[in-house]
Each structure stands twice: as structure tokens, then as C-alpha cells.
Amino acid sequence: MACANTSWSEENFSCSICLDVFSSPVTTACGHNFCRTCITKFWDEQVQYKCPVCNEIFHTRPDLRVNTFLSELAAQIRTTVRVKEQPCVEPAEVPCDVCTGTQQKAVKSCLVCLISYCQTHLEPHQVVARLQKHRLVEPMDRLEDLMCKKHERLLELFCQTEQVCVCLLCTVEDHKSHPVAPLKEEYEAKTAQLGKMESEVPQMIQERKQKIKEIKDTVELSNKDADREIAHGGQAFTALIGCVEKGRDDFNQTVQEKLKSTVKRAEDLIKELEQEIEDLTNRSSEVKRLSHTEDHLHFLQTFRSLKDPPPTRDWTTVEVRPPSYVGTLRRSLNQLEETLNMEMKKLPDDAELKRVKKYEVDVTLDPDTAYPTLILSEDGKQVHYGYEQELPDNPKRFTEYISVLTRQSFSSGRFYFEVQVKDKTAWWLGVARESIDRKSQIEATPETGYWTLWFDKEGLVFSDNPAVRLPLRAELQKVGVFVDYDEGLVSFYDVEARVHVYSATGCTFTEPLYPILCPYLHEEDRNSAPLIISPVNQTD
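Our subject in this report is the structure included herewith. (Residues numbered from 1 in each chain as written. Predicted model: local features only at pLDDT ≥ 70, side-chain atom pairs only at ≥ 80, totals over all residues. Heavy atoms only, no water.)

## Digging into the overall build of the protein
Counting its regular elements, the protein contains nine helices and 23 strands. Expected size for 540 residues packed as a compact globule is a radius of gyration near 24 Å; at 55 Å, the protein overshoots this value by more than 25%. Overall, the C-alpha framework of the protein stretches about 190 × 85 × 45 Å when taken along its three principal axes. Out of the 540 residues belonging to the protein, those deemed buried represent 33%. Partitioning the intrachain contacts of the protein with sequence separation of at least 6 by distance along the chain shows that 57% fall at a separation of at least 24. Element-wise, carbon and sulfur atoms account for 52% of the exposed surface of the protein, whose accessible area totals about 34400 Å². (Helix = DSSP H or I, 4+ residues; strand = E, 2+ residues; numbered from the N terminus. Rg over C-alpha atoms; globule rule 2.2 N^0.38 Å. Buried < 20%, exposed > 50% of the residue type's maximum accessible area, 1.4 Å probe, protein only. Contact = heavy atoms within 4.5 Å. Areas by Shrake-Rupley, 256 points an atom, 1.4 Å probe, with all protein chains shown as cover.)

Right under this line is the structure:
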């Protein structure tokens, strides 16, 4: 791009250092003129104070004062000279820091002067011996940011300990013994890391989009599950409400029938009494009339019919008792309870069991926790009572309870597993928290960290204080255990019958939970079958 040509008068009023019209011109003892800023900066970088034009040396740094006459003339030159052409610097280019009128495009930047120069103002660096030693680089903006604020040296190294750019002097002072690398080398390393990050970001974005989809799918599934549960619950509660209303109606009818029977008896007795009163009243009237007659023949003929009184009841023992309702309400409620139990048996346990089976986990028994007489299968899926073994002392091992934990524990979410109890006459199983006392025979209840189902000759029991005795519909073959850690729920199922057995609700879990199994002792060759952790059949 063409630039304005300097006039003759402008050249005569130009500083020989910056080659631009004087700004605050000063005159040295040798008679040469310079911009005050230019000559001051020039001498700051020299060992000896000399004139840049004639090289006359000054023994002491001259005390320079602005040449007011020359300053006024230079001001007039800057006022009268107008460059009519467009600026010579494009927006993306670095301008010359020395140009005072139309700024030219910088062709080099000096890392010593910290100034960018156009081709014209760069000339002193190309002809002056001292300036030729300055380090020139491609034009750069904000050169002051490239310098160490403490040492005023170029930032050309990178401290890998503190992750900052440093100069050479920093490495022998504040960053001594810190590993450093040239900026270019560190730049290449960081660029490689940035490339890796750049390639990882799309994958991370995709993973998060996938997670959003999973969450949305879960919400949609939850809505469907909620609708289904509300529908099933509505049907169940409608049936139960129907049972309650029928029980109430039957109870009211029973009371009303008792009252009706009592009222009917009272009315019949009153009617009979009123009839006897009427008969006796008529007899009394006849007796009164007969007593006043003087007709002997009529008296004797009538007296014979009045001699025998009309038949009457002995009312001294007759009474009407209020109906007794003692036990009526209780019998109705007992009947209602039986009806409700029958209706509850009709609830869709099968559907519930199918839902919890989705949370199947693969667990194996941990030999380090097994009681010394327990024998575990190689795959860790079976355990039965055997013989005393010499085992290493392990703080995780049970020494009082004939029990074993799984290797796997669970600290959140939901999980489900099944244990085959076929052909066994005694066992217990469930879950236990990690911190249970394995060296003492304490009562195994939720309070001590156990949520377990027990079975022996006395029946089926959930171990609590007090124990919860449960009905055993048929011989159990396989028990399903479901835990919702966050909801505080432990449920047991009869897998073969597909029915719910018992649920412990409102539990508080604060540490990992482990599935726990106890096959119990042999009983004269009975109860020798193993407990088996079985794969879950998802198609049932």
C-alpha cells in the first residue's frame, strides 16, 4: 500500500533515531537533536554516553532540556503536514510503534527495545553497530508481556513445577532446581495435550448426551411403571374398599336383624297382653253387671259361664331383653380380615417378582469370611456344613455363627439374588452390614446389622426383636432377596410360588451390605444339602 512521502522540511525536523518528526526535541553538546524519549532510551542501554550520530563521548550523562524553538517548529511541521492516503496497516497487522503520523506496518520487533519497527524506522538497527546486536523477531503485539517483570529479561523458559513462564535469571533465583524447558518445547508438548483434549471433548459430549438419553428413558419408564402401579393399586384398593364396605353392610344388617327380632318379640307380647287385658275387662264388666241382677234364673245360668276365668299366661317370668351385640363387631372384623387376606393373596406378586428380578447381581461366597466348618464350592456358589478345617486367623472370618458372606458388597441402588434351599430343614439368609461382630454370638437383628429370614422345625421367621413369625404356604424351594439400599427396603420372595414372603421397610443403611448365608448343622444325616446361589430365571 502506498504511503505519504516526507517533505523536505519534515526530513530536516526528524529525529535521527526514530526518523520521525521531533517530539520534545533536545540538543546535545555536540549540536545534534533528538526526541527526548529516543535519546533517553538510547543512553539507558549504553555503557558510555555518546552521540548516536557523531559518536562523541560524554563523561557524564548530559542533563538535557527541551529546545523550545525547535519544538515549536516541529509542532508546526506536524500540524501542516497531512497525509491524505489511507493508513498503511491492515487490521490483522502489527503497527510500527515509532510512527507518529500514519502508522506503517511493522516488519520487525526488537526484544531489547520492546518496540516494533517499520522498514524505515528499523534502519538504525541495521546500520548502528550497537543496535545490530539487538534480537529482532517477526512483528509481535504486546511486547511488554514477553518480558520478566522482575528481571526485565525475555521470558524464554517454562517452569514445569509452577507452570509459569520464566527468564534465564529466574532459573538461578526463585525457580532454582525447578525443571524447566524451552517455550517451544513446552508449547509442542502442551499442543499435543490440547490435541488429545480436543479429540476427547466430542467423546465426552457424546457420553453426556447418552447419559441424558438414559435419564430421559428412565423417567419415561418410571412414568409407565407409576401408571401401571397406580392402575394395579387402584384395582387392589377398589377390591379392598369393596370388602370393607361389604363387611360394614353385613355388620349393620346383623345389628338391624337383631334389633328387628327384639322389636318383633316385644310387639307380639304387647299384642298378647292387650288381648288378655281386653278379655279381662270384658269379664270384669260382666261380673259387675251380674252382681247387680236380682233375676235368680239369669244369675245362675250366667254364673256358670263366668265361673272359669279365661286362659291367661303367667307374665311373671316373661321379659323382653335388649339384643346383645357383644362380639358382633369383632366377628365381623375377623371375617373382614380373612377376606382381606384372601384378596391380598390375589395381588400380582408375580409381576412384582418379575420387576425385582431385573436387578439381579452375580455374587460369589468369600472363603475368608466362612466359619471354619463350612465347605465352599470352587465356583463360590455353594456352601454346606462339613468338618473342622485349619484356616488362617482372619479378622473377617465368622467364629461363632456358622455363616459366610459374599465377596461383593453394595452401597447404593438395588440388587437381587436367589438362593436354593431345597431339601434343607434349617437355614437362614439375607443381608448384613459390613461392621457386624463376627467373633460373638449376638442376636442377629436389624439393630445389630442383620436383615435375615430363618427357617427351622418351628417354622419361618424374620429375625427381629420381637421375631416376626410368617405363614409357610408350602415347602420353600428357592428364596429371592431384593434390597433397595436408598429406600431402606429388604424383601424376601418364594421364587417357585412367585409370592411375596416378607418386607422390612424403613431400614437405615449407612455402610456396605453383604449377602449372608448360613446352612446350619447336620441333624442325623438331615439338612446335609447345600445352600446354592442360583442364576435368576428372567423368563418366568
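## A short note on a negative patch on the surface
Judged by side-chain charge, Asp456, Glu523, Glu524 and Asp525 come together as a negatively charged surface patch. With respect to the helices and strands, Asp456 occurs in strand 16 (residues 450–456). Using a relative accessible area of 31% as the deciding quantity, one classes Asp456 as partly exposed. (Patch = residues over 30% accessible without salt bridge, like charges linked within 9 Å, V, L, I, M, F, W, Y side chains within 5 Å. Salt bridge = Lys/Arg side-chain N within 4 Å of Asp/Glu carboxyl O. Lys, Arg positive; Asp, Glu negative; His and termini not counted. Charge placed at Lys NZ, Arg CZ, Asp CG, Glu CD.)

## A word on the packing of aromatic side chains
Tallying each qualifying case throughout the model produces 14 aromatic pairs. Residues Tyr359 and Phe482 carry aromatic rings whose centres are separated by 5.9 Å and whose planes lie at 45 degrees to one another, so their mutual orientation is tilted. Taken together, the residues Tyr359 in the loop between helix 9 (349–357) and strand 11 (374–376) and Phe482 in strand 19 (residues 478–484) connect sequence positions 123 residues apart. Centroid distance Trp451 to Phe509: 5.0 Å. Interplanar angle 80 degrees. Geometry classified as edge-to-face. Linking Trp451 in strand 16 with Phe509 in the loop between strand 21 (499–504) and strand 22 (513–518), this pair joins segments that are 58 residues apart in sequence. Accessibility classification places Trp451 together with Phe509 in one group, the buried group. Feature note: the residues Tyr401, Trp428, Tyr450, Trp454 and Tyr520 constitute an aromatic cluster, connected by ring pairs. In this structure, Arg313 is placed above the aromatic ring of Trp315, and the distance from its NZ or CZ to the ring centre is 5.0 Å. (Phe/Tyr/Trp six-rings, centres within 6.5 Å; stacked < 30°, edge-to-face > 60°. Lys NZ or Arg CZ within 6 Å of the ring centre and 35° of its normal.)

## Side note on the pairing of strand 12 (residues 382–385)
Side chains Val383 and Tyr385 of strand 12 all project onto a buried face; the interleaved residues Gln382 and His384 project onto a face where none is buried. The sheet contact formed by strand 11 and strand 12 spans three bridges and is antiparallel. Bridge pairing links Leu374 to Tyr385 in strand 12. (Pairing = 2+ DSSP bridges.)

## Considerations on the side chain of Ser109
On the secondary structure map, Ser109 appears in strand 5 (residues 108–110). Setting aside residues up to four positions removed in sequence, Ser109 forms contacts with Ile115, Ser116, Arg135, Leu136, Val137, Glu138, Pro139, Met140 and Leu143.

## Some remarks on the pairing of strand 19
Strand 19 sits mainly inside the fold: seven of its seven residues count as buried. Alternating positions in strand 19 separate into two faces, Lys478, Gly480, Phe482 and Asp484 on one and Val479, Val481 and Val483 on the other, with burial throughout. Of the strand pairs in this sheet, strand 14 (residues 414–420) and strand 19 are connected by seven bridges, and their pairing is antiparallel. Paired with Tyr416 across the strands is Phe482, a residue of strand 19. Here strand 19 runs beside strand 20 (residues 489–494); their pairing, made up of six bridges, is antiparallel.

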